[in-house]
Amino acid sequence: MISSLSIAGTALAAASASFVASVVIVASQKWHGKHSLDHDVSGVQKFHTVAVPRVGGIAVITGITFTLLLLTLTDPFLAAASGIRDAFKLLLAASPIFVAGTVEDLTKKVSVRARLGASIFSALLASWLLGATIVSLDIWGFDTLLTIAPVAIVVTAFVVAGGTNAINIIDGFHGIAASTVIIILSAMGFLAWIQGDMFVTQLAVIGAAAAFGFLLVNYPTGRIFVGDGGAYLLGFWVSEVAVLLLIRNPSINAWQLLAICAYPVIEVLFSIYRRRIIRKSDPGHPDCLHLHTLIYRRLVCRLLRPNPSKPWIRNATVVCFVGTWIAVMAVASLLLGSTIVGAVAVVLAQIGLYLVVYARLVRGRWRAIQISGVDLSIIANGGRNE
């Protein structure tokens, strides 16, 4: 069983290293800002008004790497017992998607397909290096197919790549990506701790703490962004923790893990549906129609007046809605998800809630839609303006 002291020490190391790295990046931006600053403040998904470093992923990976090295050097027995060598393998597997995302942050020249390919390659690396291949999803009939190794590897790559991109999809306002990852990893880390799975617990703690250290600088004023590199890294880490938790602990059902991770998964699936089926456009083409964007424009902008002395206040408020949703559902997943019926119920409740909230926010945005030049009428009422 893992001691509270070892968990606290691991968390403190990861959070401290990530925090210090974030501060250094912000303080030194005049030297690297030509490449690292996000100068595009007019894009459809942009809600900041000044250029900000978008290489927070470097801080996150610094926190993870520093902690793994520290555990190896200071307590080799604990490191051996908790599988730190395998944690380094996971970090190695994360390298392709982290590099692809970071290069995109610096150059804006890495295509969506290239980044998707990198996420799939990272998933395949994890399957090879760690044996992190899904063999059961608690779906009758489908689990039989997963006994065929090539099918299991393909399904795992699809699941991990989807989860990796899901965190990047929801990364639109200060604190959303990091807080989502912290909540999800905390819930999965708790499940691993209950099972006595030291390795997965350490992975969850390290990932959550590294995200927290970054969050301390990112939120609420947005001095640094996690960027594509950081969002992909955190998404990959969450996805692999879920996969490892599932394959190492047969008593945990896949639906409970889906219930914990449901919000970003629903967001990415609905985004694909909205772009491809409804709007007949490229699923990889960015738009301003994510739920967190609607919350900002429909709720936050109505509740809070612009504050010239605190221009970030509206941006930072969005996470209060999204984070609360994710936290409540994570708790519900822990309490009710130990059975497949309970976990499926939590998943369906989140899907229903998402659709109801989205439809309500869309119907109330006709004027804002016309101003932004985006026609959403086909989504809400078949083309009839209210």
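Right, let's talk about the overall build of the protein chain for a bit. Assigned secondary structure in the protein chain consists of 18 helices and two strands. Relative to its 386 residues, the protein chain shows a buried fraction of 53%. Long-range pairs, those at least 24 residues apart, make up 73% of the contacts in the protein chain between residues at least 6 apart in sequence. In the structure as shown, the protein chain presents an accessible area of about 17,300 Å², 69% of it carried by carbon and sulfur atoms.

Inspection of every chain in the model, using the stated rule, returns five salt bridges. Arg 54 is the partner of Asp 105 in a salt bridge, and the nearest nitrogen-oxygen pair spans 2.8 Å. Of this pair, Asp 105 sits in helix H5 (residues 84–107) while Arg 54 is found in the loop between strand E2 (52–53) and helix H3 (56–74), placing the two residues 51 residues apart along the sequence. The class of Arg 54 is buried, set by a relative accessible area of 8%. Asp 228 is the salt-bridge partner of Arg 54, the closest N and O atoms lying 3.5 Å from each other. Taken together, the positions of Arg 54 in the loop between E2 and H3 and Asp 228 in helix H11 (residues 227–248) put the pair 174 residues apart, joining distant regions of the chain. The network of salt bridges with common partners includes Arg 54, Asp 105, Arg 115 and Asp 228.

What follows is about the nonpolar core. Counting 102 residues, the largest nonpolar core has Ile 64, Leu 185 and Met 188 as its most contacted members. Among the elements that make up this core, the one with the highest residue count is H11 (13 residues). Non-local contacts of Leu 185, meaning those with residues more than four positions away in its chain, are made with Ala 204, Gly 207, Ala 208, Trp 237, Val 238 and Val 241.

Scanning the model with the defined rule gives eight aromatic pairs in all. A ring pair is formed by Phe 270 and Tyr 358, whose centres lie 4.8 Å apart and whose planes are at 65°; its orientation type is edge-to-face. On the criterion of sequence distance, the pair formed by Phe 270 in helix H13 (residues 262–278) and Tyr 358 in helix H16 (residues 340–363) is long-range, its members being 88 residues apart.

Cis peptide bonds are those with omega within 30 degrees of zero, and the linkage from Tyr 219 to Pro 220 qualifies with 5°. Assignment of secondary structure puts Pro 220 in the loop between helix H10 (198–218) and H11. For Lys 108, which is not glycine, the phi torsion reads 60° and is therefore positive. If you trace the backbone, Lys 108 turns up in the loop between H5 and helix H6 (112–130). You will see that Asp 138, though not glycine, has its phi angle at about 55°, which is positive. Here Asp 138 shows up in the loop between H6 and helix H7 (142–145).

A word on the side chain of Arg 115. Looking at the element boundaries, Arg 115 is found in helix H6. A distance of 3.2 Å separates a polar atom in the side chain of Arg 115 from a polar atom in the side chain of Asp 228. There is a polar contact of 3.4 Å between the side chain of Arg 115 and the side chain of Tyr 232. With near-sequence residues (within four places) excluded, Arg 115 lies in contact with Ile 97, Ala 100, Glu 104, Val 110, Asp 228 and Tyr 232.

On to the packing of H10 against H11, then. Viewed as axis vectors pointing N to C, H10 and H11 meet at an angle of 165°, and their least axial separation amounts to 10 Å. Viewed along their axes, H10 and H11 adopt a mutual orientation that is roughly antiparallel. Remark: the crossing between H10 and H11 carries left-handed chirality. Within the contact between the two elements, H10 uses Phe 199, Val 200, Leu 203, Ala 204, Gly 207 and Ala 211 and H11 uses Leu 234, Trp 237, Val 241, Leu 244, Leu 245 and Arg 248. Partitioned by chemical class, the residues of the contact of H10 with H11 number 10 nonpolar, one polar and one charged.

With that out of the way, let us pick up the confidence of the model for the protein chain. On average, the protein chain scores 86 in pLDDT, and the residues at 70 or more come to 87%. With pLDDT under 50 throughout, residues 41–48 is counted as low confidence; its partners more than four residues away or in other chains account for 23 contacts. Taken together, the stretch residues 365–386 has pLDDT below 50 and engages in 36 contacts with residues farther than four places along the chain or on a different chain.

Before going further, it helps to examine the packing of helix H15 (residues 313–336) against H16. As a packed pair, H15 and H16 sit with axes 8 Å apart at the nearest point and diverge in direction by 160°. Taken as axis vectors, H15 and H16 run roughly antiparallel relative to one another. Viewed along their axes, H15 and H16 form a crossing whose handedness is right-handed. For the pair H15 and H16, the contacting residues are Trp 325, Met 329, Ala 332, Ser 333 and Leu 336 in the first and Gly 342, Ala 343, Val 346, Gln 350, Leu 353 and Tyr 354 in the second.

On the surface, Phe 19, Val 20, Val 23, Val 24, Phe 212 and Leu 216 cluster together into a nonpolar patch covering about 490 Å² of accessible area. For the nonpolar patch, the elements supplying multiple residues, two or more each, are helix H1 (4–27) and H10. For Val 23, the position within the fold is in helix H1. Take Val 23: its relative accessible area is 37%, and that puts it in the partly exposed class.

Parameters at a glance
- Residues numbered from 1 in each chain as written.
- Predicted model: local features only at pLDDT ≥ 70, side-chain atom pairs only at ≥ 80, totals over all residues.
- Heavy atoms only, no water.
- Helix = DSSP H or I, 4+ residues; strand = E, 2+ residues; numbered from the N terminus.
- Buried < 20%, exposed > 50% of the residue type's maximum accessible area, 1.4 Å probe, protein only.
- Contact = heavy atoms within 4.5 Å.
- Areas by Shrake-Rupley, 256 points an atom, 1.4 Å probe, with all protein chains shown as cover.
- Salt bridge = Lys/Arg side-chain N within 4 Å of Asp/Glu carboxyl O.
- Core = buried A, V, L, I, M, F, W, Y, C linked by side-chain atoms within 4.5 Å.
- Phe/Tyr/Trp six-rings, centres within 6.5 Å; stacked < 30°, edge-to-face > 60°.
- Polar contact = N/O pair within 3.5 Å; in protein donor to acceptor, adjacent residues only side chain to side chain.
- Axes fitted to C-alpha atoms, helices over the stretch in contact; angles between N-to-C directions.
- Parallel < 35°, antiparallel > 145°, perpendicular 65-115°, else oblique.
- Left-handed = near helix turned anticlockwise from the far one by under 90°.
- Nonpolar A, V, L, I, M, F, W, Y, C, P; charged D, E, K, R; others polar.
- pLDDT = per-residue confidence, 0-100.
- Patch = residues over 30% accessible without salt bridge, like charges linked within 9 Å, V, L, I, M, F, W, Y side chains within 5 Å.

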